[in-house]
Structure formats: C-alpha cells, structure tokens
Amino acid sequence: MGDAFKQVSEEMGELIESFFTTPIFGDTTVGFTITTFYFLLACLIMLAVFFAYKRKMEGQLVPHGFFANGVEYLVDFVKDDVCKGTLGDTWKQHFPFLATVFFVVMFGDYIGMLPTWKAGTGTTGVTGAIALMSFGYFIIMGMRKKGVFGYIKSLAPAGLPAPIAAVVWVIELFSTFLRLITLAVRLFCNMFAGHVVMGVFAIMTTTFLQPLIAQFALANVGVGAMSILWMVLLILIYVVELLVAFIQAYIFTLLSAVYVQLAEAEGH
C-alpha cells in the first residue's frame, strides 16, 4: 500500500500540469489555447441548444417534453431568482445580458465534466474575459443612469465631510475594480480545485487496482479493495461537482446583477 501512495504522489505533479492550459498555436499570452477551444465549443453547444429549443417551441405556448421544460425552467430561474429578485422593476432591461452570462458560464463549466474534455472556464484568461464583460456592463449602466461624472462622484455617499468623502471614494474605487478580480478568480479556483480533487481520486482508483490486475494474490486483494472506496468517493465528488458547476454560474450571475443594482442605485 505504501508503494501505491508513493506512486500517487509522483503522479500529482503531472496531474496538476494537465489542468493548465496549453497553446494550440501562439502561446498562452497571445495565441489560441486548448481552454479557449473548449470554451468556444461550449458556446456553440449552448447556441445549438437554444436554436433547438426555439424550433421546439414554434407554435406552442406551453413547453412539452423534458428538453423544452428543462430549458424553460432554467430561463425562468434566471428571470425570477436572479433578475426580478435583485433588480426589481428594471429586470427586463438587464435580463438578456445576465441570462447570457449565466448560460455561458454554465455551459463552460459543464463541458469540463465530460471525460477527457477541459472546462471552458478552466483558466483565468477565460474567466477574466467574462468578468471583464460583467465589469464593463455595470459600469456602463451606472454611467448611463447617472452620467459619467455623476457615477464617478456617486462612489462616495453624499453628505460626508470632504476629507472623509475622499478616503471613502478611494476605497470604493478600489473595491469596484476588485470586483473584476474576485469574479474571475472565484470561478476559476472553484472549477480548478474540483477537477484536481477528482483527478486525485481517479489516480488513486487506478493505482490501487494495478497490483491486483498485474498479479492476483491475497496480499494484493486488500490494496485492490481500496480502489473500490476511491471509486465511490470519485463518483460522489463528481456528483458534487455537477452541482458546484451550476452554483458557480448562479453566483457569478447573481453578483453581476447585484453590481448592476448598486451601480444604478440612487445615493450610491
């Protein structure tokens, strides 16, 4: 068993390296990476799903079947739980953007749950780009509502003494730009960590089973039996990660909606 754990530790470095993005051409700074490929593939699958849903709903007022009802449920979830619940009367204006963010992140997360495929949201380059769109959107909405200088001025609450207002304004400015970083890093870290954990248990499952496959002996039965435990844990973690992928899309979209609400709020 000690040899099995030693082999697992040796393969950990290779496992972690496999989750980092690699360039198809160019490099990871300026180029087209494998993660970008899977993100674009996730977007194409998303579009295919919604075109299929549109065709399914032609001539129907009420969705029928598992597929149509499933898509309808997700759309209503974003509309009711995220947009209406956070933005109130202005939800219709922001629903197209927020729904797009939700489904882009969700499909980008779930494509990485397929065997040998990589998550489209598995690098800070992709999550940073999505976060930048969200950041730019709520800044533009704030400036549209209050004007450019009005929005900049609103970072510090009205009525404060000038010295305190200046300090608060700097803190709020820093906090505003920090939202961009936290959106990108939170999504990436959750997806990366989950895939690493699944990879570890997958390695442990195969590593502990190898001695029994190579030589059926009583001494190897105990080690091989351990692989069953690792496999059960792997399946449980996989189920949890399916839930985490959805939750991360929800949190990303909900925070984007909150930032839009704060940008448009009077007196902020």
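Here's what I pulled together on the structure shown here. (Residues numbered from 1 in each chain as written. Predicted model: local features only at pLDDT ≥ 70, side-chain atom pairs only at ≥ 80, totals over all residues. Heavy atoms only, no water.)

## Brief notes about the overall build of the protein
Alright, step 1. Within the protein one finds eight helices and two strands.
Alright, step 2. Listing the helices and strands of the protein from first to last along the sequence gives α-β-β-α-α-α-α-α-α-α.
Alright, step 3. Relative to its full complement of 268 residues, the protein shows a buried share of 38%.
Alright, step 4. When the accessible surface of the protein is split by element, carbon and sulfur atoms take 73% of a total near 14800 Å². (Helix = DSSP H or I, 4+ residues; strand = E, 2+ residues; numbered from the N terminus. Buried < 20%, exposed > 50% of the residue type's maximum accessible area, 1.4 Å probe, protein only. Areas by Shrake-Rupley, 256 points an atom, 1.4 Å probe, with all protein chains shown as cover.)

## Things to note about the packing of helix α3 (residues 66–87) against helix α4 (residues 91–110)
Axes are the key here: two packed helices are described by the angle between their axes and the distance separating the axes.
Alright, step 1. Running from amino to carboxyl end, α3 crosses α4 at an angle of 130 degrees, the nearest separation of the two axes being 9 Å. Classified by the interaxial angle, the pair formed by α3 and α4 is oblique. Relative to α4, the crossing made by α3 is right-handed. Every residue of α4 that contacts α3 at Leu-74, Val-75, Phe-77, Val-78, Lys-79, Cys-83, Lys-84 and Leu-87 is listed here: Trp-91, His-94, Phe-95, Leu-98, Ala-99, Phe-102, Phe-103 and Met-106.
Alright, step 2. In terms of residue class, the contact of α3 with α4 is made up of 13 nonpolar, one polar and two charged. (Axes fitted to C-alpha atoms, helices over the stretch in contact; angles between N-to-C directions. Parallel < 35°, antiparallel > 145°, perpendicular 65-115°, else oblique. Left-handed = near helix turned anticlockwise from the far one by under 90°. Contact = heavy atoms within 4.5 Å. Nonpolar A, V, L, I, M, F, W, Y, C, P; charged D, E, K, R; others polar.)

## Comments concerning the side chain of Thr-33
Alright, step 1. Along the chain, Thr-33 falls in strand β2 (residues 31–33).
Alright, step 2. Given a relative accessible area of 6%, Thr-33 falls into the buried group.
Alright, step 3. Within the local environment of Thr-33, its side chain forms a polar contact with the side chain of Thr-36, the two groups lying 2.9 Å apart. (Polar contact = N/O pair within 3.5 Å; in protein donor to acceptor, adjacent residues only side chain to side chain.)

## A closer look at the layout of surface pockets
In this approach the atoms are scanned with a rolling probe the size of a water molecule, which exposes any empty space left behind.
Alright, step 1. The calculated volume of the second largest pocket comes to roughly 270 Å³.
Alright, step 2. Taken together, 15 residues make up the lining of the second largest pocket; nearest its centre are Val-49, Leu-74, Met-106, Phe-107 and Tyr-110.
Alright, step 3. Put simply, the parts of the chain that give the lining of the second largest pocket at least two residues each are α2 (34–57), α3 and α4.
Alright, step 4. Here the element with the most residues in the lining of the second largest pocket is α3; it accounts for five residues.
Alright, step 5. Per-class residue counts for the lining of the second largest pocket are 14 nonpolar, one polar and no charged. (1 Å grid on protein atoms, 1.4 Å probe; cavity = no way out; pocket = protein on both sides within 12 Å on 5 of 7 lines; lining within 4 Å. Points joined across faces, edges and corners; volume = space filled by probe spheres on them.)

## Comments concerning the side chain of Glu-264
Alright, step 1. Along the polypeptide, Glu-264 turns up in helix α8 (residues 218–264).
Alright, step 2. Of the side chains with opposite charge, Lys-145 lies nearest to the buried Glu-264, which makes no salt bridge, at 5.3 Å.
Alright, step 3. Setting aside its immediate chain neighbours within four residues, Glu-264 contacts Thr-90, Gln-93, His-94, Met-141, Lys-145 and Lys-146. (Lys, Arg positive; Asp, Glu negative; His and termini not counted. Salt bridge = Lys/Arg side-chain N within 4 Å of Asp/Glu carboxyl O.)

## Regarding the nonpolar core
Alright, step 1. Within the largest apolar cluster, 46 residues are counted, with the highest numbers of intra-cluster contacts made by Val-78, Phe-103, Phe-138 and Phe-252.
Alright, step 2. Looking at this core, the elements with two or more residues in it are α2, α3, α4, α5 (124–146), α7 (162–214) and α8.
Alright, step 3. Of the residues forming this core, the biggest block, twelve residues, is contributed by α4.
Alright, step 4. Counting residues in each nonpolar core, the second largest holds ten residues, with Phe-192, Val-200, Trp-230 and Ile-237 among its members. (Core = buried A, V, L, I, M, F, W, Y, C linked by side-chain atoms within 4.5 Å.)

## Here we look at the pattern of salt bridges
Alright, step 1. Under the counting rule described, the total for this entry stands at two salt bridges.
Alright, step 2. Among the salt bridges present, the one from Asp-76 reaches Lys-79, with a minimum N-O distance of 3.5 Å. With Asp-76 and Lys-79 both in helix α3 and three residues apart, the pair spans about one turn of that helix.
Alright, step 3. What makes Lys-79 partly exposed here is its relative accessible area of 23%.
Alright, step 4. The partner of Lys-84 in a salt bridge is Asp-80, with the nearest N and O atoms 3.8 Å apart. You can see Lys-84 and its partner Asp-80 sitting in helix α3, four residues apart, about one turn around the helix.
Alright, step 5. What makes Lys-84 partly exposed here is its relative accessible area of 38%.

Scope: geometric values only; no functional claims are made or implied.
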